[in-house]
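# Survey of secondary and tertiary structure
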Amino acid sequence: MLNNLSIKNFKGWKDTGNIELAPITVFFGSNSSGKSSIGQFLVMLKQTIQQPDRKTVLMLSGDKASVNLGTPADIFHNHDMNEKIQFEYDWSLDKKTDFGIGKSRRRYNNLKFQSDIQVNDPEVQYLEVDQFAYELFEDDMQRLTVGMKKLDEGNGSRNYELFTQIEELKRTKGRAWKLTEPMKYYGFPDAALAYYQDSDFLQDLNLHQENLFSKFYYLGPLRSKSSRIYSWAGTNPDSVGDDGIYTIQAILSAKHEDRKLAFPRTNYKPFEAVIGAALQRMELIEDYKINRIENRQDYEVKVKIKGSAEYVSLPDVGFGVSQVLPVIVQLFYAPRGSVIFIEQPEIHLHPRAQTLLADVIIDAINMREKSLDRKIQVIIETHSEYLLRRLQMRISDQTVKTEDVRAYFAHNQTNGSVLEELKVDTYGNILNWPEGFFGDMEKDMYDQAMNAVNRRIKERDAKYNE
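The structure contained in this document is the topic of the report that follows. Residue positions are given per chain, counting from 1 as you read along its sequence in written order. Predicted model: local features are reported for residues with pLDDT of at least 70 only, side-chain atom pairs are reported and counted for 80 or more only, and whole-chain, interface and lining totals are derived from all residues. Hydrogen atoms and water are omitted, and side-chain values are computed over all heavy atoms in the structure.

## Points about the environment of Phe263
Residue position: Phe263 is located in the loop between strand 12 (260-261) and strand 13 (269-270). Taking C-alpha positions, Phe263 is 8.9 Å from Glu369, a pair spaced 106 residues apart along the chain. Note on contacts: a residue pair is in contact if any heavy atoms of the two residues lie within 4.5 Å. Sequence-distant contacts of Phe263, defined by excluding residues within four places in its chain, comprise Asp363 and Met367. Helix and strand definitions follow DSSP, with helices as H or I runs of at least four residues and strands as E runs of at least two, each counted in order from the N terminus.

## Description of the packing of aromatic side chains
For any pair of aromatic rings, geometry is given as the distance between the ring centres together with the angle between the planes. Each Phe, Tyr or Trp ring, with Trp reduced to its six-membered ring, pairs with another whose centre is within 6.5 Å; inter-plane angles below 30 degrees give stacked pairs, above 60 give edge-to-face pairs, and intermediate values give tilted ones. Enumeration according to the criterion identifies 22 aromatic pairs in this entry. Ring centres 6.0 Å apart and planes at 50° place the aromatic pair Phe213 and Phe216 in the tilted group. No difference in accessibility class separates Phe213 from Phe216, as the two residues are buried. A ring is scored as having a charge over it whenever the NZ atom of a lysine or the CZ atom of an arginine sits within 6 Å of its centre and within 35 degrees of its normal. Here the guanidinium or amino end of Lys46 rests over the ring plane of Tyr217, the centre of that ring lying 5.5 Å away. Lying across the ring of Tyr333, Arg259 places its NZ or CZ 5.3 Å from the centre. Each residue is placed in one exposure class: buried if its accessible area under a 1.4 Å probe, protein chains only, is under 20% of its type's maximum, exposed if it is over 50%, and partly exposed if it falls in between.

## Some details on the nonpolar core
One broad trend across soluble globular proteins is that nonpolar side chains are buried collectively. What we call a nonpolar core is a set of buried Ala, Val, Leu, Ile, Met, Phe, Trp, Tyr and Cys residues that are connected through their side-chain atoms within 4.5 Å. Counting residues in each nonpolar core, the largest one holds 67 residues, and the members touching the most others are Leu58, Tyr89, Tyr134, Tyr185, Phe188 and Leu205. Aside from chain neighbours lying at most four places away, what touches Leu58 is Met44, Leu45, Thr48, Ile75, Ile117, Leu127 and Tyr185. Residues Phe28, Leu219, Phe332 and Val378 belong to the second largest nonpolar core, which totals 66 residues.

## Observations concerning the side chain of His208
Mapped onto the elements of the fold, His208 is located in helix 4 (residues 201-214). Accessibility expressed as a relative area gives 13% for His208, which makes it buried. If we skip the residues at most four places from it in the chain, His208 touches Trp91, Leu93, Thr97, Tyr108 and Leu111.

## Looking at the side chain of Glu181
Along the chain, Glu181 turns up in the loop between strand 9 (160-165) and helix 3 (190-195). Within the buried core, Glu181 has no salt-bridge partner, and the shortest N-O distance to an opposite charge, that of Lys55, equals 4.4 Å. Under the counting rule used here, the positive set is Lys and Arg, the negative set is Asp and Glu, and His together with the chain ends is not counted. A pairing counts as a salt bridge when a side-chain nitrogen of Lys or Arg comes within 4 Å of a carboxyl oxygen of Asp or Glu.

## Notes on unusual backbone geometry
Although it is not a glycine, Arg265 sits at a positive phi angle of roughly 65°. Inspection of the secondary structure assignment puts Arg265 in the loop between strand 12 and strand 13. Although it is not a glycine, Lys375 adopts a positive phi angle of roughly 55°. Take Lys375: it is sitting in the loop between strand 19 (372-373) and strand 20 (377-381). Overall, the relative accessible area of 46% leaves Lys375 in the partly exposed class.

## Let's talk about the pairing of strand 20
For strand 20, the tally of buried residues reaches five of five residues, placing the bulk of the element in the interior. Burial along strand 20 is two-sided: the face carrying Gln377, Ile379 and Glu381 and the face carrying Val378 and Ile380 are both buried. By the bridge criterion, four bridges tie strand 4 (residues 24-29) to strand 20 in an arrangement that is parallel. Within strand 20, the residue paired with Val26 across the bridge is Ile380. Note on pairing: DSSP must find at least two bridges between two strands before they are called paired. Bridging between strand 17 (residues 339-343) and strand 20 involves five bridges; their strand directions are parallel. Note on strand 20: the bridge partner recorded for Ile342 is Ile380.

## Focus on the sheet that holds strand 22 (residues 416-422)
If you walk across this open sheet you meet the six strands as 10-17-20-4-21-22, and the pairing is mixed. Edge positions in the sheet fall to strand 10 (216-219) and strand 22, since each has one partner strand and no second. Direction aside, neighbouring strands of the sheet carry axes that sit 20° apart on average. Both strand 4 and strand 21 (residues 405-413) contribute to a ladder of six bridges, which runs parallel. Bridge pairing in strand 21 links Phe28 to Phe409. Axes here mean lines fitted to C-alpha atoms, for a helix over just the part in contact, with angles spanning 0 to 180 degrees between N-to-C directions.

## Observations concerning the packing of helix 6 (residues 271-281) against helix 7 (residues 319-333)
Put simply, helix 6 and helix 7 touch, their axes get as near as 10 Å, and they point 135° apart. The angle between helix 6 and helix 7 places the two elements in the oblique class. At the point where helix 6 passes helix 7, the crossing takes the right-handed sense. Across the interface between the two elements, Phe271, Val274, Ile275, Ala278 and Leu279 of helix 6 pack against Leu325, Ile328, Val329, Phe332 and Tyr333 of helix 7. Classification convention: Asp, Glu, Lys, Arg as charged; Ala, Val, Leu, Ile, Met, Phe, Trp, Tyr, Cys, Pro as nonpolar; all other residues, Gly among them, as polar. Considering only residue class, the contact of helix 6 with helix 7 consists of 10 nonpolar, no polar and no charged. Orientation categories follow fixed angle ranges, with anything under 35 degrees roughly parallel, anything over 145 roughly antiparallel, 65 to 115 roughly perpendicular, and all other angles oblique. Two helices crossing with the near one rotated counterclockwise from the far one by less than a right angle form a left-handed crossing, whereas a clockwise rotation gives a right-handed crossing.

This is how it looks when you write it as structure tokens:
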């Protein structure tokens, strides 16, 4: 799970400050306040790791990019390419990992990563790593810092040196050459393992980074329309896709693999039943079924809505059902230890369904699979007051712990976007409610009542004076 994140000089953000992340983290804010950029930054890191070119520091765009961020000039705050994009995040491992330097053997289960990215040549906007570092912790005890930094040789070279703190890595005899650039934004090159003794663990650090983002999933706000026919040839999609296009295939895959989920101390249910129960809980449908078309690898989805005795095709029900179905499936389909970023999960849902969606998200983080806690983390960018209000209520009735929810509000100031954490007490109260957060509903209700009183007085007086 990601524990903390901070970003400097990225798009609208001069400095996000430290963002403490929880199993459920929610970002609110006005349009163009920068709230989407935080999640998109993480998506950018994932697509960088996935692309094959080891020398591409950050993948900003491309046919296979989940988010298209344009050119390097577009991602620097105020387009100032004389600055550095700096970021830091830390995460936890499932189990402790050993590493050795000389006769010293140590273990770690928490990692912190920090990187500085700069433009080498503003003319061609070539991105390069100025430096990066990993800090290894065994619980709260720091065991090692190791990283790479660019050598300032003044000749346009791209040579680097490896640095450590606490323990020193010794050079392999006969390998006095300088290191070339890192792999992407985070990786020790193969030469580092050859140039230094006891350095095999450097490859482990590369793999930890890749494993973290291999379980990072993104679902955007514009989801594919539902179809009357879906094809599935027995494949196992990694996710529902950035736009939810593989939603039905994911359900079929989970059914084929006989995946089952359960709340603690309850019986396990088939995956497709869990999805159906979530849709029922949101009061969107009464039942659904996926039927294979005879002698074909095609399937049709039939839905029965409340108050109807007949099943109809998915495109024939409200648009909100087809738009939220990818959200629900992704929440339960993601493997154990996943981080899921969803933009506007509430889109096209009526207020009651937005409220109940919060309960489904809580269900997703609480469920177990194969007798283990799923340990998934959900990061949401939303405009929904109803979703937040239900999270507050669930904190107050102790369905979810206060520390399992973090909420942030983004707003614009002269020097860029500012992020404010909403302080929520154990009773679900927000102690620092920002002015104009969702508009002022209470004031509107008061003004409406006073306007009605004043109009009645005027109407009474006019009638009395006739």
